Every structure is written in structure tokens, then in C-alpha cells.
Amino acid sequence: MTTIASNLQAVRDAMAAAATEAGRAPDDISLLAVSKTFAPEAIREAYQAGQTRFAESYVQEALHKIAALHDLPLEWHYIGPIQSNKTRAIAEHFAWVHSVDRLKIAERLSGQRPAHFPPLQVCLQVNISGEASKSGAPPGETAQLAMAIAQLPHLRLRGLMAVPEPGDDVAAQRAAFARLRRLFEQLNRQGLQLDTLSMGMSHDFAAAVAEGATMVRIGSAIFVQREYPQDALFK
Ligand SMILES: *Cc1c(COP(=O)(O)O)cnc(C)c1O
């Protein structure tokens with residue numbers, strides 16, 4: 001078994017254990033492999049080990065990989081910051097976008113989604129840690145924003161996403177994920193039909209699963225660094 005295949009298996013096992021511990025069905029949580037900064041060959045290897053959903057954070061890098069891997073039936077998710085001048089490329093090349101945090105960006109994505117494609121599946125990113133530097137809509141604006149995004153014709157609002165402040169304290173991790181889950185439940189009580197809570201990364205996915213994550217985004221626990229730093233090969 002390759003390292004990527006055994007890492008994937010270890011992540012799947014840990015997700016299933018966290019789900020069982022929380023009284024949830026392991027199949028209710030899907031694994032998104034975050035392949036940003038890793039080469040197309042690494043993605044191909046993960047695909048051969050059964051992984052089909054991949055996430056990228058930089059548009060140019062992603063377009064290169066999507067083209068290089070067009071022979072594989074992969075589902076591409078965009079999870080990075082969104083600049084206005086990149087919305088067309090995102091609308092044309094991805095199935096999902098998790099990082100929508102402004103109405104203007106959502107409107108551009110809807111307007112630029114090719115009409116013959118299925119709607120772009122989107123999550124609204126929420127800033128649950130309150131740091132000035134992080135992207136994400138303020139929790140207090142989430143309801144109004146979600147209602148407006150849900151009206152856009154070529155998008156389908158699926159749920160909420162967050163990247164909490166990093167930290168090893170499991171109680172703090174759970175408290176942050178619980179805030180996102182409560183917002184999600186509140187929106188559904190207000191009439192939206194959201195089914196996706198995109199939360200949890202390599203260091204905190206067990207806490208996210210315990211708090212109701214339906215999609216975890218895992219990069220470093222799956223993909224491995226090159227055996228030699230790239231520049232060492234040329235010395
Ligand atoms: C990079 C990234 C991840 C994956 O992080 P790891 O710590 O490598 O698992 C998840 N979500 C977002 C938004 C990211 O940018």
C-alpha cells in the first residue's frame with residue numbers, strides 16, 4: 001500500500017470511530033481531500049485508493065490540476081478566498097464552492113455558472129472565531145445572507161462552512177463547531193433546507209464530527225511531502 005493509500009485508510013478509520021463515538025452513522029460524513037500544494041500524481045494516487053472528492057484553495061493551481069486529471073471522474077470543490085476576477089473560472093470548473101461570504105460574490109458565481117451545468121453547490125463561510133484577519137461572514141449577518149443566496153438561480157445553497165481558530169484544546173474546538181451547528185439549525189428552522197456542515201481539518205476533525213460535521217476537509221493527514229525537497233534534487 002502506498003503512503004497516501006494508508007493515510008487515507010487511517011483518516012477514514014478515525015472518522016468512523018469519531019462518528020460511532022458520537023452515535024452517528026459513519027456514512028453520513030463525507031471526506032473531502034484537500035490537495036492544494038500537492039501534485040496531480042498525488043491526487044491520482046488518492047483516486048486509485050478510492051477518493052473522488054478533492055478541494056483546492058488557489059484558482060490558477062487548481063485549473064492546472066483539473067486539466068491534468070480530466071481523464072478521472074473527480075468532483076472538485078473550491079475552498080479558498082474568492083476574488084471578483086476569479087469568479088468566472090470558479091463557476092466554470094468546480095462542482096462546489098465552500099467559501100462564499102459576500103452576496104456580491106454569490107451573484108457573480110450564479111450569473112457566470114454556465115446555464116447547461118447543474119447548479120453550483122455552495123456553502124456560506126461563517127467567521128465563528130471573530131478574528132479580524134479571517135474570512136467569513138459575521139454570524140449576525142448569516143441569516144440574511146443565506147436567504148438572499150438561496151434565491152439565486154444557478155446556485156444551490158447546501159450549508160455552512162467554517163475554519164475556526166487553530167488550537168489543540170478539544171473543548172475549545174467543540175465549542176467553535178457547536179456555534180456553527182447552532183447557526184445551521186437556526187437557518188433550517190427559518191425555512192432553509194440545508195444539509196451540509198463543512199467543518200473539521202486534519203487537527204480537529206474528530207471534534208467536528210462530534211458536533212455534527214457532514215463534510216470534513218483533510219489535507220496534511222492524507223498527502224505527504226515529497227521525499228526530497230524539490231530543490232535538493234538539483235544540487
Ligand atoms: C488547507 C485547508 C484545509 C486542510 O487543512 P489540513 O490542516 O491540511 O487538513 C481545510 N480547509 C481549508 C479552508 C483549507 O484552506
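Report follows, based on the coordinates. (Residues numbered from 1 in each chain as written. Predicted model: local features only at pLDDT ≥ 70, side-chain atom pairs only at ≥ 80, totals over all residues. Heavy atoms only, no water.)

A few words on the overall build of the protein chain. Secondary structure assignment for the protein chain yields eight helices and eight strands. Since a compact globule built from 235 residues should have a radius of gyration of about 18 Å, the 18 Å found for the protein chain is in line with a globular shape. Across its three principal axes, the protein chain shows a C-alpha extent of roughly 55 × 40 × 35 Å. Every one of the 235 residues in the protein chain was classed for burial, and the buried ones make up 47%. Taking as baseline every contact in the protein chain between residues at least 6 positions apart, the subset at least 24 positions apart corresponds to 58%. (Helix = DSSP H or I, 4+ residues; strand = E, 2+ residues; numbered from the N terminus. Rg over C-alpha atoms; globule rule 2.2 N^0.38 Å. Buried < 20%, exposed > 50% of the residue type's maximum accessible area, 1.4 Å probe, protein only. Contact = heavy atoms within 4.5 Å.)

This brings us to the site of the ligand. Around the ligand sit Val 34, Lys 36, Ser 57, Ile 79, Val 163, Met 201, Ser 202, Arg 217, Ile 218, Gly 219 and Ser 220, and those are all the residues in its vicinity. The contact in question runs from an oxygen atom of the ligand to an N or O atom on the side chain of Ser 202, over 2.5 Å. At 2.9 Å, a side-chain N or O of Arg 217 approaches a nitrogen atom of the ligand. Coverage of the ligand by the protein chains reaches 82% of its 390 Å² of free accessible surface. For the ligand, the cavity whose grid points lie within 2 Å of the majority of its atoms is the largest pocket. Considering only residue class, the shell around the ligand consists of five nonpolar, four polar and two charged. (Near = heavy atom within 4 Å. Polar contact = N/O pair within 3.5 Å; in protein donor to acceptor, adjacent residues only side chain to side chain. Areas by Shrake-Rupley, 256 points an atom, 1.4 Å probe, with all protein chains shown as cover. 1 Å grid on protein atoms, 1.4 Å probe; cavity = no way out; pocket = protein on both sides within 12 Å on 5 of 7 lines; lining within 4 Å. Sits in = over half its atoms within 2 Å of the grid points. Nonpolar A, V, L, I, M, F, W, Y, C, P; charged D, E, K, R; others polar.)

Okay, unusual backbone geometry next. For Thr 37, which is not a glycine, the phi torsion comes out positive at approximately 70°. Residue position: Thr 37 is located in the loop between strand S1 (30-34) and helix H2 (40-48).

Attention now goes to the environment of Gln 51. Along the chain, the position of Gln 51 falls in the loop between H2 and strand S2 (53-56). Gln 51 sits in the buried class, given a relative accessible area of 4%. Considering only alpha carbons, one finds Gln 51 and Asn 85, 34 residues apart in sequence, at a separation of 30 Å. The contacts of Gln 51, once residues within four sequence positions are left out, are Leu 8, Arg 12, Leu 31, Leu 32, Ala 33, Ala 46 and Leu 74. Polar side-chain contacts of Gln 51 include one of 2.8 Å to the backbone oxygen of Leu 31.

Moving on, we come to helix H3 (residues 59-68). In an α-helix, one turn spans 3.6 residues; hence positions three or four apart end up facing the same way. Every buried residue of H3 is accounted for by Val 59, Ala 62, Lys 65 and Ile 66. Viewed end-on, H3 has its buried residues packed into an arc of 125°, placing them on one side of the element. Exposed residues pointing more than 90 degrees away from the buried face of H3 are listed as Gln 60 and His 64. (Arc of directions from axis to C-beta.)

What follows covers the pattern of salt bridges. Considering all chains together, one arrives at 10 salt bridges under this definition. Between Arg 158 and Asp 195 there is a salt bridge, with its nearest N and O atoms 3.0 Å apart. Linking Arg 158 in strand S6 (residues 155-161) with Asp 195 in the loop between helix H7 (170-189) and strand S7 (196-198), this pair joins segments that are 37 residues apart in sequence. A relative accessible area of 37% means that Asp 195 is categorised as partly exposed. Salt bridges sharing partners connect three or more residues here, namely Arg 174, Arg 181, Glu 185 and Glu 211. (Salt bridge = Lys/Arg side-chain N within 4 Å of Asp/Glu carboxyl O.)

For Thr 142, the position within the fold is in helix H6 (residues 142-150). Only 3.3 Å separates the side chain of Thr 142 from the backbone oxygen of Pro 138, close enough to count as a polar contact. From its side chain, Thr 142 meets the backbone oxygen of Pro 139 in a polar contact 2.9 Å long. Setting aside its immediate chain neighbours within four residues, Thr 142 contacts Leu 124, Val 126, Leu 160, Leu 183 and Leu 187.

Of the pockets and cavities examined, the largest pocket occupies roughly 530 Å³. In terms of lining, the largest pocket is formed by 25 residues, of which the most central are Lys 36, Ser 57, Ile 79, Val 163 and Met 201. Residue composition of the lining of the largest pocket, by class: nine nonpolar, 11 polar and five charged. (Points joined across faces, edges and corners; volume = space filled by probe spheres on them.)

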